[in-house]
Structures are given as structure tokens and as C-alpha cells.
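In case you want the letters, here they are:
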Amino acid sequence: MKNKFLITLIFCFNFFLIGFSYAIDQFSFDVTEIEILENGNKIIGSNRGEISTSDGILIEADNFIYRKIENVLKAKGNVIMNDTINNYKIYSDNITYEKKGERIFSKGKTKSEIKSRFIIDSVDIIFLRDKKILSSDKNTSILDNDEQTFIELKEFSFSIDDKLLKGKKVLVNLDFNLPQNDKFFFENGIFDFKKKSFLAKDVKINLKKNIFDNIKNDPRLKGVSAQSENNITTIKKGVFTSCDDDTDCPPWVVTASEIKHDKNKKGAKIGNIHRK
């Protein structure tokens, strides 16, 4: 009788340990509580834990559901997805990871940190892990710590490897932490962070008010399109004025086939001028 009790106790203890750590296919589970259902096809983890993969992904969450046949992991509650190899993190309350297609979806507010340089705040993101492309069709903000630039977009797509951003309804705030800075508004644009260049359509630029050493100025540019490289922005079919918006300033504008703004020299070069 005593031996039978001892065998039963050892069996229960071993099963208890399995509940804390469980490995299946490409996922390893280290959770507080675990249930294995449907002949091993469904695994439920609860009360906080961590799931890891063989290719460097660590996922922390309050609760997990993994379906083996579909190879789909759902994580909810204070989710942190950390790619320890490629140096990015995704934070959300609801993340679905489709392992077969290497697709990651979030629901609700989502924060992404890319290589300690970019901080992206968005909603309902899609991440194609094999291509390293992050996207959303919801309002998004991006902070570039290296260039001290703040960007707001209605929708975006960002390639991590190429450092290439595509977006619509874009506001770019240069040197956003300074009291005087330039603000760029674009209908849509493509921004290359490696080359420090961009191409954009339907442009409006509010230049820093002290660009001509007069804080009362309100210098601004508009154009059909724009491109920029090495801090030189070229506006096609541009309109420029530095007149203040108040009624005391005599209204005037300069139109030109091309206007160049050199951020380094604090000036504008205008071709084929027509003044009104």
C-alpha cells in the first residue's frame, strides 16, 4: 500500500512539472499554468508566462492559446514580443502569431521599438516577419531618435532592413524638441532613412519662423511635389511667402517652377520667379 502511494505521488509530481514547461514543434512554453486539450492540438497557458522559438523570438503574456495543427499562437494581456536576434520589440494587449506564414497581427494600441532608434505607436499592426515589414492603415506616430524627427501618418508601411517608410497624410516635424522647427505636410510620401531623402506629393512646408532672423515672419512653401536629399528640399511648381498670417502684413507670394530650400544655409533658391 505504501509503495502504491509512493508511485502515485511521483507520477503526480512529474505531471506537475510538465505543466510549467512544455515544448512543442517550434514553440517552447514556460508558463505558470498550462492545459493540454484536444489530444495535444490545443494548449492553453495562463497566469503569465513566456514562450520562445528556436529563431530568437521571446513572447511574454498573461494568457496564451496555441493550436498545433494551424500552428497559430494567440497571446493576450500585456504582451511583449522580443526578437533577440534582429533587435526589435512589439508591445500590445492582443497579438496573433501565424508561424507558418511568419505573420504577426495585433489588435488595439501597439508600440514597436526598432533597433533603439524608431519608436512606432500605432493600432492594429501587421508584421511580415520574413520580409521585416511593419504596417497599419490606422493613425500612427513615429519617433526617430537619431534625427530627432517626429512623424504622424494616417497609414504606413515600414521596411526595417531598408529603413524605408511609405505613408499617407504625413506630418513631419523636424527637430521637434526645439522651440523653432520646420514642419512638412504631405499627401503621401516615401522616406529613405538610410539616404536621408524623400519623395512626396502635394506639399506644404511651414518653415521655422526665425529662418530670416525675424520671429514675426511666417515663412511657408506649397508645391505639387517635393524631393529632398542632404537637407536640400526641392519643391516643384512652388508658392512661397514669408508674410505673417495677420492682417497687418501686406499679402505677397512668389510662385516658381522650382524652389529649393537649404536647411543648412537657412535660405531658399527660387527659379523662374513670378511675384504677386
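So, here's what we can say about the structure. Quantities reported herein were computed from a predicted structural model and do not represent experimental measurements.

Let's shift gears to the overall build of the chain. A tally of helices and strands in the chain yields one helix and 23 strands. A buried classification covers 41% of the 276 residues belonging to the chain. Put simply, 33% of the contacts in the chain that link residues at least 6 apart link residues at least 24 apart. Per element, the accessible surface of the chain, about 15800 Å² overall, is 53% carbon and sulfur.

The next thing to look at is the pairing of strand E5 (residues 63-67). Side chains Phe64 and Tyr66 of E5 all project onto a buried face; the interleaved residues Asn63, Ile65 and Arg67 project onto a face where none is buried. As defined by bridge partners, strand E3 (residues 42-53) adjoins E5 across four bridges and the pair is classed as antiparallel. What sits directly across from Ile43, in E5, is Tyr66. Pairing geometry for E5 and strand E6 (residues 72-83), over five bridges, is antiparallel. When the sheet's bridge partners are listed, Phe64 is paired in E6 with Ala75. The antiparallel pairing of E5 with E6 creates a hairpin that spans four residues between the two strands, and Asn71 there sits at a positive phi of about 55°.

For the rest of this paragraph, the subject is the packing of aromatic side chains. Evaluation of the coordinates by the stated rule reveals 12 aromatic pairs. An aromatic cluster of at least three residues, connected via ring pairs, comprises Phe27, Phe29, Tyr66 and Tyr97. Over the ring of Phe185 we find Lys204, and its NZ or CZ is 5.8 Å from the ring centre.

Let us look at the layout of surface pockets. A water-sized probe, rolled over the atoms, reveals where empty space remains. Considering only enclosed or pocket space, the largest pocket measures out at about 540 Å³ in volume. Secondary structure elements with two or more residues in the lining of the largest pocket: strand E14 (149-153), strand E16 (164-174), strand E17 (183-192) and strand E18 (197-206). Looking at which element gives the most residues to the lining of the largest pocket, the answer is E17, with four residues. Taken together, the residues of the lining of the largest pocket sort by class into eight nonpolar, seven polar and nine charged.

Turning next to the environment of Gly40. Within the fold, Gly40 resides in the loop between strand E2 (27-37) and E3. Judged by its relative accessible area of 17%, Gly40 is buried. The spatial distance from the C-alpha of Gly40 to the C-alpha of Tyr66 is 9.9 Å, given a sequence separation of 26 residues.

The residue Gly45 is located in strand E3 in this model. When its relative accessible area of 0% is taken as the criterion, Gly45 is described as buried. For the pair formed by Gly45 and Val31, sequence separation is 14 residues and the distance between their alpha carbons is 6.1 Å. Once residues lying within four places of it in the same chain are set aside, the contact partners of Gly45 are Val31, Glu33, Ile34, Asp62, Asn63 and Phe64.

Criteria and thresholds
- Throughout, a residue's number is its position along its own chain's written sequence, starting from 1.
- Local features in a predicted model are, by the rule used here, given only for residues with pLDDT of at least 70; side-chain atom pairs are given and counted only at 80 or more, and totals for whole chains, interfaces and linings are based on all residues.
- The basis for every side-chain value is the complete set of heavy atoms in the structure, and neither hydrogens nor water enter the calculation.
- Secondary structure elements follow DSSP: runs of H or I no shorter than four residues count as helices, runs of E no shorter than two count as strands, and numbering proceeds from the N terminus.
- Burial classification: accessible surface area is computed with a 1.4 Å probe over protein chains only, and a residue below 20% of its type maximum counts as buried, one above 50% as exposed, and the rest as partly exposed.
- Two residues form a contact once any of their heavy atoms are found within 4.5 Å.
- Surface accessibility in these figures is a Shrake-Rupley result with a 1.4 Å probe; residues are shielded only by whichever protein chains are displayed.
- Here the rule is simple: two strands pair whenever DSSP picks up at least two bridges between them.
- A pair of Phe, Tyr and Trp rings is counted when the ring centres sit within 6.5 Å of each other, with Trp represented by its six-membered ring. The angle between the planes then sorts it: under 30 degrees is stacked, over 60 is edge-to-face, the rest tilted.
- For a lysine, the NZ atom is tested; for an arginine, the CZ atom; a charge sits over a ring if that atom is within 6 Å of the ring centre and within 35 degrees of the ring normal.
- Here a cavity is any set of points on a 1 Å grid over the protein atoms alone where a 1.4 Å probe fits but cannot get out, and a pocket is any open set with protein on both sides within 12 Å along at least 5 of 7 lines; a residue lines the site when it has an atom within 4 Å of a point.
- Grid points are joined across faces, edges and corners, and a volume is the space filled by probe spheres set on the points.
- Gly counts as polar in this scheme, as do all residues outside two lists: the nonpolar Ala, Val, Leu, Ile, Met, Phe, Trp, Tyr, Cys and Pro, and the charged Asp, Glu, Lys and Arg.

Function-wise, these values are silent; they only describe arrangement.
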